[in-house]
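This is what each chain is made of:
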Amino acid sequence: MQDLAGRTAFVTGGANGIGLGFVRALLAEGCKVALADIRQDAIDAALATLDNQDVIGVQLDVASRDGFAAAADRVEAELGPVSLVFNNAGVNLFQTIDDSSYDDWDWLLGVNLHGVINGVMTFVPRMKARGGGGHVVNTASMAAFLCGPQPGIYNTTKFAVRGMSESLRYSLAKHGIGVSVLCPGLVKSHIFASDEIRPDDLKAGAKAVDATAVGRLEQLHQAGMEPDVIAARVIEAIHANRFYIFSHPEFRDELREVFDDVLEAFRDYPEDAGFQQRLAFEKMRRDGYRAARQAARGDE
Ligand code: NAI
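Residues numbered from 1 in each chain as written. Predicted model: local features only at pLDDT ≥ 70, side-chain atom pairs only at ≥ 80, totals over all residues. Heavy atoms only, no water.

## Describing the nonpolar core
Here comes step 1: Of all hydrophobic cores here, the largest spans 33 residues; its most connected members are Phe10, Val75 and Phe123.
Here comes step 2: Breaking this core down by element, the ones donating at least two residues are β2 (32–37), β3 (55–59), α3 (65–79), β4 (82–87), α4 (102–130), α5 (152–172) and β6 (177–182).
Here comes step 3: Once residues lying within four places of it in the same chain are set aside, the contact partners of Phe123 are Phe10, Phe68, Ala72, Glu76, Val82 and Val85.
Here comes step 4: Membership of the second largest hydrophobic core comes to 32 residues, among which are Val11, Ala15, Cys31 and Val234. (Core = buried A, V, L, I, M, F, W, Y, C linked by side-chain atoms within 4.5 Å. Buried < 20%, exposed > 50% of the residue type's maximum accessible area, 1.4 Å probe, protein only. Helix = DSSP H or I, 4+ residues; strand = E, 2+ residues; numbered from the N terminus. Contact = heavy atoms within 4.5 Å.)

Spelled out as structure tokens, the structure:
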């Protein structure tokens, strides 16, 4: 998509960090922008810095399906049809899966995965029905590829966002709607304060907040990439209709290491009874998947 000017964009988690970077970059591209966030005080503070007629704030918990539909209705009534969707809101939680509760799962899955699903389910049918194309950017993370013991639930949500984004890319290509997945490393953002916005009904199973650990995270994130740098890389990737947006080039070697480990895990087993028949099916599937990738890139 070459020209974003005049389109309406919906950005979740728009009041801080990467989302606010998106908002600034989209306004600079000439878009009308809805800045959606769960924190009303942060929405107000962000709007005060923007001084631009073409942006409105919308308070929204992305985990709410009804809330999402209502927000979309309001934004489309005020700014026109949304054709650029940035499912970016996210929260983090650093603890191992075996140390976590169902409340921990419900919180992270609700925001990081269902928030993205809700954005897709709300806007994609509207975009398809109207024609006119568009683009969806889902914010995952390098944690969509790289696992450690601590961010177990976070890893789960980000792997899922990556998978759903890739599948969606292939189904939407014929509608002229592009899909990209953003996989950042460390970002200068407010995500260290995620505990502040954990819903009350999911607090019973939460561990006590470790203020020292949160303070350490805050310091760490100060060294993160500036959101405006990431946003510029995302806008360029939308123009080029690229699926993977690796904003942080320092991860290339580590990814190679991980993929090498994955390939190393294959074994040369002796052929089992169904092997040859399966090969014929897999060839057909593989050709189909390759064609889908080519079509989504626009190089059929
Ligand atoms: P941030 O905390 O600065 O911004 C996220 C915004 O999302 C906040 O304004 C917050 O109020 C909002 N939000 C949280 N829960 C919400 C909900 N239920 N409904 C609506 N809004 C909600 O964090 P950051 O870092 O900019 O995060 C943006 C995305 O980037 C997230 O998906 C995160 O997982 C991802 N990411 C962040 C990295 C980092 O180092 N900060 C690294 C890789 C990915």
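Once the structure has been displayed, the description carries forward.
## Describing a negative patch on the surface
Here comes step 1: Judged by side-chain charge, Glu254, Glu257, Asp260, Asp261 and Glu264 come together as a negatively charged surface patch.
Here comes step 2: Within the secondary structure, Glu257 is located in helix α8 (residues 252–264).
Here comes step 3: Here Glu257 falls in the exposed class, since its relative accessible area comes to 53%. (Patch = residues over 30% accessible without salt bridge, like charges linked within 9 Å, V, L, I, M, F, W, Y side chains within 5 Å. Areas by Shrake-Rupley, 256 points an atom, 1.4 Å probe, with all protein chains shown as cover. Salt bridge = Lys/Arg side-chain N within 4 Å of Asp/Glu carboxyl O. Lys, Arg positive; Asp, Glu negative; His and termini not counted. Charge placed at Lys NZ, Arg CZ, Asp CG, Glu CD.)

## With respect to the site of the ligand
Here comes step 1: Surrounding the ligand, one finds 29 residues, the nearest of these being Asp37, Arg39, Tyr154, Ser189 and His190.
Here comes step 2: A distance of 2.8 Å separates an oxygen atom of the ligand from a polar backbone atom of Asn88.
Here comes step 3: One nitrogen or oxygen atom from the side chain of Lys158 is found 2.9 Å from an oxygen atom belonging to the ligand.
Here comes step 4: Taking 820 Å² as the accessible area of the ligand by itself, protein coverage stands at 97%.
Here comes step 5: Mapped by element, the contributors of at least two residues to the shell around the ligand are α1 (17–28) and α5. (Near = heavy atom within 4 Å. Polar contact = N/O pair within 3.5 Å; in protein donor to acceptor, adjacent residues only side chain to side chain.)

## Points about the sheet that holds β6
Here comes step 1: Reading across from one edge, β3-β2-β1-β4-β5-β6-β7 is the order of the 7 strands in this open sheet, with parallel pairing throughout. Of all strands in the sheet, those bounded by a partner on one side alone are β3 and β7 (244–245).
Here comes step 2: Where strand β1 (residues 8–12) meets β2, 5 bridges bridge the pair, whose relative direction is parallel. Looking at β2, one finds that Phe10 is bridged to Ala34. (Pairing = 2+ DSSP bridges.)

## Points about the packing of α3 against α4
Here comes step 1: As a packed pair, α3 and α4 sit with axes 9 Å apart at the nearest point and diverge in direction by 40 degrees. Looking at the two axes, α3 sits oblique to α4. In terms of crossing hand, the pair formed by α3 and α4 is right-handed. Packed against α3, whose contacting residues are Arg65, Phe68, Ala69, Ala72, Asp73 and Glu76, the element α4 presents Gly115, Asn118, Gly119, Thr122, Phe123, Arg126 and Arg130 at the interface.
Here comes step 2: For the contact of α3 with α4, the residue count by class is 4 nonpolar, 4 polar and 5 charged. (Axes fitted to C-alpha atoms, helices over the stretch in contact; angles between N-to-C directions. Parallel < 35°, antiparallel > 145°, perpendicular 65-115°, else oblique. Left-handed = near helix turned anticlockwise from the far one by under 90°. Nonpolar A, V, L, I, M, F, W, Y, C, P; charged D, E, K, R; others polar.)

## Description of the pattern of salt bridges
If charged atoms from side chains of opposite charge come close, those side chains can pair.
Here comes step 1: Per the stated rule, a full pass over the model turns up 15 salt bridges.
Here comes step 2: Arg126 serves as the salt-bridge partner of Glu76, at 2.9 Å between the closest nitrogen and oxygen. Of the two residues, Glu76 is situated in helix α3 and Arg126 in helix α4; the sequence distance between them amounts to 50 residues.
Here comes step 3: With a relative accessible area of 12%, Glu76 lands in the buried category.
Here comes step 4: With a closest N to O distance of 2.9 Å, Lys188 and Glu226 form a salt bridge. Here Lys188 is found in the loop between β6 and α6 (211–222), whereas its partner Glu226 is found in the loop between α6 and α7 (227–239), with 38 residues between them in sequence.
Here comes step 5: Its relative accessible area of 39% is what places Glu226 among the partly exposed residues.
Here comes step 6: Residues participating in the shared-partner salt-bridge network are Asp73, Glu76, Arg126 and Arg130.

## Focus on the domain arrangement of the protein chain
A common way to report how large an interface is uses the accessible area buried once the components associate.
Here comes step 1: Each domain of the protein chain was delimited in the assignment, giving domain 1 (8–259) and domain 2 (267–300).
Here comes step 2: Computed over C-alpha atoms only, the centres of domain 1 and domain 2 are separated by 33 Å.
Here comes step 3: Listed per partner, the contact involves 4 residues of domain 1 and 5 residues of domain 2.
Here comes step 4: Summed over both sides, the interface between domain 1 and domain 2 buries roughly 350 Å², with carbon and sulfur atoms accounting for 64% of that surface.
Here comes step 5: When residues of domain 1 are sorted by the area they lose upon contact with domain 2, Arg169, Tyr170 and Ala173 head the list and together hold 82% of the total.
Here comes step 6: Taken together, the residues of the side of domain 1 that touches domain 2 break down into 2 nonpolar, 1 polar and 1 charged. (Domains from an automatic or database assignment. Buried area = accessible area lost by both parts, 1.4 Å probe.)

## Observations regarding the environment of Ala5
Here comes step 1: With respect to the helices and strands, Ala5 occurs in the segment before β1.
Here comes step 2: Of the residues examined, Ala5 reaches a relative accessible area of 41% and is grouped as partly exposed.
Here comes step 3: Residues Ala5 and Arg285, spaced 280 residues apart in sequence, show a C-alpha to C-alpha distance of 39 Å.
Here comes step 4: Residues contacting Ala5, with those up to four places away along its chain left out, are Glu29 and Gly30.

## A few points about the pairing of β3
Here comes step 1: With 4 of its 5 residues buried, β3 lies for the most part within the structure.
Here comes step 2: Pairing between β2 and β3: 5 bridges, direction parallel. Directly across from Leu35, in β3, lies its bridge partner Gly57.
Here comes step 3: Following the backbone out of β2, through helix α2 (residues 40–50) and into the adjacent parallel β3, one traces a crossover that is right-handed. (Right-handed = clockwise from strand over helix to strand, strands pointing away.)

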